Amino acid sequence: MDKKMETAINKQINAELYSAYLYLSMATYFEAEGLEGFANWMKIQAQEEMSHAMKFYNYVFERGGKVELDAIGNPTSKFDSPLDVFTQVLEHEKEVTSLINGLYELALELKDYATQSMLKWFIDEQVEEEDSAAKIVDKVKLAGEKGSGLYMLDKELGGRTFTPSADEE
Ligand code: FEO
């Protein structure tokens, strides 16, 4: 694999680990607010991000490359409300989408067909990631900041479970 591609994927491993860290930070906000279902959703999301990092990690080794782990940035821990948190989730996922698109553009430029193929999973995944964040933003708006609507949504998000994708089982 071209060194430029390897370096860019290593940066993405770091970005996925940062995402896991960010969502875990968001989970701590919900734990403190007594919204256990929201906290559950965030902890599952953090696991998903770990699995994204591991997909890239495994791929680098499959291609005979080298994984170099860098320091993970400090995630923010200041949140005003559930709506503020999920608005930040959506913004963050849009940023991740542009990172994945950037990787794909590099793979095109380098005529790295194997990496293009691997990245297709992530391109599809980002459509889902943005869609699910946007849907929860809408639901939080509908539920309002307090009361029974938020309680019902907390119950719903508490039902989320982690499903590893086929190649991780
Ligand atoms: Fe790894 Fe939420 O994108």
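Residues numbered from 1 in each chain as written. Predicted model: local features only at pLDDT ≥ 70, side-chain atom pairs only at ≥ 80, totals over all residues. Heavy atoms only, no water.

### Side note on the pattern of salt bridges
To keep it simple, the criterion reads: Throughout this description, the term salt bridge denotes a Lys or Arg side-chain nitrogen within 4 Å of a carboxyl oxygen of Asp or Glu. Put simply, DSSP marks the helices as runs of H or I at least four residues long and the strands as runs of E at least two long, and each gets a number from the N terminus on.
For the structure shown, the criterion picks out seven salt bridges. The salt bridge involving Arg160 is made with Glu48; its shortest N-O contact spans 3.5 Å. In this pair, Arg160 sits in the segment after α5 (148-158) while Glu48 sits in helix α2 (residues 36-62), placing the two residues 112 residues apart along the sequence. Two residues, Glu91 and Lys94, come together in a salt bridge whose shortest N-O distance is 4.0 Å. In this pair, Glu91 and Lys94 both sit in helix α3 (residues 82-109), three residues apart, roughly one turn of the helix.

### Considerations on unusual backbone geometry
Backbone geometry at Lys111 places phi at a positive 55 degrees, although glycine is not the residue there. By secondary structure assignment, the location of Lys111 is in the loop between α3 and α4 (113-143).

### Observations regarding the packing of α2 against α5
Put simply, the test is: Lines fitted to C-alpha atoms define the axes here, with helix axes fitted over just the stretch in contact, and angles between the N-to-C directions of these axes take values from 0 to 180 degrees. In a left-handed crossing the near helix is turned counterclockwise from the far helix by less than a right angle, and in a right-handed crossing that turn is clockwise. Contacts: residue pairs with any heavy atoms within 4.5 Å of one another. Residue polarity is assigned by list, with Asp, Glu, Lys and Arg as charged and Ala, Val, Leu, Ile, Met, Phe, Trp, Tyr, Cys and Pro as nonpolar; anything else, Gly included, falls into the polar class.
Their axes nearest at 7 Å, the elements α2 and α5 cross at an angle of 35 degrees. Handedness of the α2/α5 crossing: left-handed. Side by side, α2 and α5 meet where Glu36, Gly37, Phe38, Asn40 and Trp41 of the first sit next to Leu150, Leu153, Asp154, Leu157 and Gly158 of the second. Across the contact of α2 with α5, the residue classes tally to five nonpolar, three polar and two charged.

### Points about the nonpolar core
Note the cut-off: Side-chain atoms within 4.5 Å are what join buried Ala, Val, Leu, Ile, Met, Phe, Trp, Tyr and Cys residues into a set we call a nonpolar core. Only protein chains enter the accessibility calculation, which uses a 1.4 Å probe. A residue is then buried if its area is under 20% of the maximum for its type, exposed if over 50%, and partly exposed in between.
One finds Met26, Phe30, Phe38, Met42, Val85, Phe86 and Val89 to be the most contacted residues of the largest nonpolar core, which totals 26 residues. Listed by contribution, the elements that provide at least two residues to this core are α1 (3-33), α2, α3, α4 and α5. It is α1 that provides the largest number of residues to this core, a total of seven residues. For Phe38, the residues in contact, after removing those within four places along its chain, are Phe30, Pro82, Phe86, Val140, Leu150, Leu153, Asp154 and Leu157. Core analysis: the next-biggest nonpolar cluster, separate from the first, contains 19 residues, Val67, Ala107, Met118 and Leu119 among them.

### So, the environment of Pro75
Following the sequence through the fold, Pro75 ends up in the loop between α2 and α3. Judged by its relative accessible area of 17%, Pro75 is buried. C-alpha of Pro75 to C-alpha of Ser25: the two residues are 50 residues apart in sequence and 6.6 Å apart in space.

### Details of the layout of surface pockets
As a reminder of what qualifies: A pocket, in this scheme, is an open set of points on a 1 Å grid over the protein atoms alone with protein on both sides within 12 Å along at least 5 of 7 lines, while a cavity is a set where a 1.4 Å probe fits but cannot get out; residues line either one if an atom lies within 4 Å of a point. Grid points are joined across faces, edges and corners, and a volume is the space filled by probe spheres set on the points.
Approximately 290 Å³ is the volume attributed to the largest pocket. Lining the largest pocket are 17 residues, and of these Glu48, Glu125, Glu128, Glu129 and Arg160 lie nearest its centre. Looking at the lining of the largest pocket, the elements that each hand over two or more residues are α2 and α4. The residue makeup of the lining of the largest pocket, split by class, is four nonpolar, seven polar and six charged.

### Comments concerning the packing of α2 against α4
How we decide: For classification purposes, angles smaller than 35 degrees are called roughly parallel, those larger than 145 roughly antiparallel, those between 65 and 115 roughly perpendicular, and all remaining angles oblique.
Two numbers describe how α2 lies on α4: the axes approach to 12 Å, and their chain directions differ by 170 degrees. The angle between α2 and α4 places the two elements in the roughly antiparallel class. Of α4, the residues touching α2 (which contributes Phe38, Trp41, Gln45, Glu48, Glu49, His52, Lys55, Phe56 and Tyr59) are Ala114, Thr115, Met118, Leu119, Trp121, Phe122, Glu125, Glu129, Ser132, Ile136 and Val140. Among the residues making up the contact of α2 with α4, the classes are represented as eleven nonpolar, four polar and five charged.

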